[in-house]
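Geometric and topological summary
Okay, here's what each chain looks like letter by letter:
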Amino acid sequence: MPLKADTIIKDYVKDVGVFADIFNYYIYGGRQVILPEQLTERDSTKIALPYGAADCSSADAG
């Protein structure tokens, strides 16, 4: 079973050096603003909210 693109990308940017390079390139034009040693790994599934999730509770109440 082939890996999905999302899984491959997540594994690739999990490396803090790669992550810092990508964001430094796109946001800061390649300047070293984000340093790999400043980064810590976070689980994106725990901090991401689906679009409109804040509106769901008010829609259910009415």
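Calculation rules
Residues numbered from 1 in each chain as written. Predicted model: local features only at pLDDT ≥ 70, side-chain atom pairs only at ≥ 80, totals over all residues. Heavy atoms only, no water. Helix = DSSP H or I, 4+ residues; strand = E, 2+ residues; numbered from the N terminus. Buried < 20%, exposed > 50% of the residue type's maximum accessible area, 1.4 Å probe, protein only. Salt bridge = Lys/Arg side-chain N within 4 Å of Asp/Glu carboxyl O. Phe/Tyr/Trp six-rings, centres within 6.5 Å; stacked < 30°, edge-to-face > 60°. Patch = residues over 30% accessible without salt bridge, like charges linked within 9 Å, V, L, I, M, F, W, Y side chains within 5 Å. Areas by Shrake-Rupley, 256 points an atom, 1.4 Å probe, with all protein chains shown as cover. pLDDT = per-residue confidence, 0-100. Contact = heavy atoms within 4.5 Å.

Side note on the overall build of the protein
When you go through the protein residue by residue, the secondary structure sums to 4 helices and 0 strands. For the protein, the succession of helices and strands along the chain, N to C, is α-α-α-α. The proportion of buried residues among the 62 residues of the protein is 6%.

A few points about the pattern of salt bridges
Per the stated rule, a full pass over the model turns up 1 salt bridge. A salt bridge links Glu41 to Lys14; its shortest N-O distance comes to 3.9 Å. Of this pair, Glu41 sits in the loop between helix H2 (16-28) and helix H3 (44-47) while Lys14 sits in the loop between helix H1 (5-13) and H2, and the two are 27 residues apart along the sequence. Each member of the pair, Glu41 as well as Lys14, is classed as exposed.

Let's talk about the packing of aromatic side chains
Scanning all chains against the criterion turns up 2 aromatic pairs. Between Tyr25 and Tyr26, the aromatic rings sit 5.0 Å apart at their centres with planes inclined by 85°, giving edge-to-face as the arrangement. Across the pair, Tyr26 and Tyr25 agree in class, each one exposed.

Describing a nonpolar patch on the surface
A contiguous nonpolar patch, built from Phe23, Tyr25, Tyr26, Ile27, Tyr28 and Val33 and spanning about 630 Å² of accessible area, is present on the exposed surface. With respect to the element layout, Ile27 can be found in helix H2.

Observations concerning the confidence of the model for the protein
On average, the protein scores 78 in pLDDT, and the residues at 70 or more come to 69%. Per-element averaging of pLDDT across the protein places helix H4 (residues 53-61) at the bottom with 52 and H2 at the top with 93. The model gives residues 58-62 a pLDDT under 50, and that stretch makes 0 contacts with residues more than four places away or in other chains.

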